[in-house]
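The residues making up each chain are set out below.
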Amino acid sequence: MTMLDEKTAVQQLRARYQRVRKVSENICSPLNTEDYQIQSIVETSPPKWHIAHVSWFFETFLLKPHATDYRPLHPQYEVLFNSYYETIGKFHPRAKRGLLARPSVDEIYAYRRAVDAGMEAFFNVLEQSPDAQHQSFIELGLNHEQQHQELLCMDIKYNFSVNPLKPAYRNDLAISPTNHTCAIQWHEQVAGLYDIGHSGGSFSYDNEAPRHPHYVPDFRLANRLTTNGEYLAFMEDKGYQRPELWLADGWHCINQHNWQQPLYWERDGANWLQMTLGGLRPLHLHEPVCHISYYEAEAYARWAGKRLPTEAEIEVVLAGQPMTGNFFDTDSLHPQPANANGQWYGDLWAWTTTAYHPYPKFRPLVGSAGEYNGKFMCNQMVLRGGCCATSLEHMRPSYRNFFYPHDRWQFSGIRLADDC
């Protein structure tokens, strides 16, 4: 690469930085000041914490160690906005993020502007002396911020759902005009030794590597996600009252928490309503059922006489599909009914039966960045395919998302699989 090409690459990265950072602020723009403070469960974080943490990331990993003229705005921000990086130092307990009335929202945005100013100066230096390692870390920071943009949508939705007023995050989110979904078609895949994992040439997280051969037996995969109507049939067949359908931990979980329906469903007489980012709406039977735990997905699959796919099965099929679908960019922020071409990417993350473990010969990144993914490779399950709150440019067939099997506040759903 010539010096001119390297300078152009830095300029493109700067433009991407500005664009991604603006998206986070746009997500928060409909919020009232009071909305920034709420943390309704341990799993969520206050929106103002998200906005600060993604700035902390650039400050901690780029500006403080490498920008000689940068001066931190406040020394305690290093602790307040550290998420879980033990190698960096202390951090405020996750469960207590919502107790911090200060710094104020205005102070948080002042911090964000200070970091952005520092990064602009950093980009000026990079244009004159490109540094591949620094540029790689900026790319990691931008993908990290896009993850938090999805988390913002998830957390805002949950925070609003516990309010008896059931406020809408946005009143302009369109309701799907489609009153049907395509019939399930089964994509059949022959057995073989397939290469799994990221192939290089573009950004990926460390948990997507190394690419490796993986034997996959014959299988077939549903071309769309399971719908609300189909899941309602499971409920009406006493799916939540039949222990033979459930894993032991799942049966314990639904009884401990008294789950009888998906998260955000509630009764209105004989009808079902569903909380969305557009407020409380009548349940749309042809939309994919969402906010489902792994336990619920597995029980439904067993009831339907099918199974959940492995992550390798989904990746093999996704690699042959066009990367189109209902993503954050569509601006619906809600899963939509499948069209005649099926439903492969977007809408909802699909649970798999694969435990979140490292790939063969996996090595975490060196230094603090090694804490990004590797230390969570235990007791969680992999989800694949992206969702309606995932940025399209953030998606790829090898992307591995992961959550605990009881988690439901993420945009998760069910894709059935079967043996041929």
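Residues numbered from 1 in each chain as written. Predicted model: local features only at pLDDT ≥ 70, side-chain atom pairs only at ≥ 80, totals over all residues. Heavy atoms only, no water.

### Notes on the nonpolar core
Okay, step 1: Core analysis: the biggest nonpolar cluster contains 109 residues, and F81, M119, I138, Y231, F234, F411 and I414 have the highest contact counts within it.
Okay, step 2: Those residues in contact with F411 that lie beyond four places of it in its chain are C153, M154, K157, L277, H291, L333, L348, W349, C387, C388 and A389.
Okay, step 3: Core analysis: the second largest hydrophobic core is formed by five residues, Y356, F362, M377 and F402 among them. (Core = buried A, V, L, I, M, F, W, Y, C linked by side-chain atoms within 4.5 Å. Buried < 20%, exposed > 50% of the residue type's maximum accessible area, 1.4 Å probe, protein only. Contact = heavy atoms within 4.5 Å.)

### Thoughts on the packing of helix 4 (residues 105-128) against helix 5 (residues 132-161)
Okay, step 1: Across the interface, helix 4 lies against helix 5 with an axial gap of 12 Å and an inter-helix angle of 150°. In terms of their interaxial angle, helix 4 and helix 5 are classed as roughly antiparallel. The hand of the helix 4/helix 5 crossing is left-handed. Of the residues in helix 5, those in contact with R112, M119, F122, F123 and L126 of helix 4 are H134, Q135, I138 and E145.
Okay, step 2: Across the contact of helix 4 with helix 5, the residue classes break down as five nonpolar, two polar and two charged. (Axes fitted to C-alpha atoms, helices over the stretch in contact; angles between N-to-C directions. Helix = DSSP H or I, 4+ residues; strand = E, 2+ residues; numbered from the N terminus. Parallel < 35°, antiparallel > 145°, perpendicular 65-115°, else oblique. Left-handed = near helix turned anticlockwise from the far one by under 90°. Nonpolar A, V, L, I, M, F, W, Y, C, P; charged D, E, K, R; others polar.)

### So, the state of the cysteines
Okay, step 1: Tallied over the full model, the rule gives zero disulfides.
Okay, step 2: Among the cysteines around C290, which has no disulfide bond, C388 carries the closest sulfur, lying 7.3 Å off.
Okay, step 3: Among the residues examined, C290 registers a relative accessible area of 0% and is labelled buried. (Disulfide = S-S within 2.5 Å.)

### Notes on the sheet that holds strand 14 (residues 417-419)
Okay, step 1: Taking strand neighbours across the sheet as the criterion, the three strands line up as 1-4-14 in an open arrangement whose pairing is antiparallel. Each edge of the open sheet carries a strand with a single partner, namely strand 1 (186-189) and strand 14. This sheet shows a mean twist of 25° between the axes of neighbouring strands, independent of strand direction.
Okay, step 2: In this structure, strand 1 lies alongside strand 4 (residues 219-222), joined through four bridges in antiparallel fashion. Counted as the bridge partner of H187 is L221 from strand 4.
Okay, step 3: Sheet contacts for helix 9 (residues 311-318): strand 1, strand 4 and strand 14; angle to strand 4, the most-contacted strand, approximately 75°. (Pairing = 2+ DSSP bridges.)

### Some thoughts on the sheet that holds strand 7 (residues 279-282)
Okay, step 1: Spatially, 5-6-7 is the arrangement adopted by the three strands of the open sheet, whose pairing is antiparallel. Looking at the sheet topology across the chains shown, the edges are occupied by strand 5 (265-268) and strand 7. Each adjacent strand pair in this sheet contributes to an overall mean axis angle of 35°, direction not counted.
Okay, step 2: Bridge analysis of strand 6 (residues 271-276) against strand 7 gives four bridges, and the strand direction is antiparallel. By the bridge assignment, L273 is partnered in strand 7 with P282.

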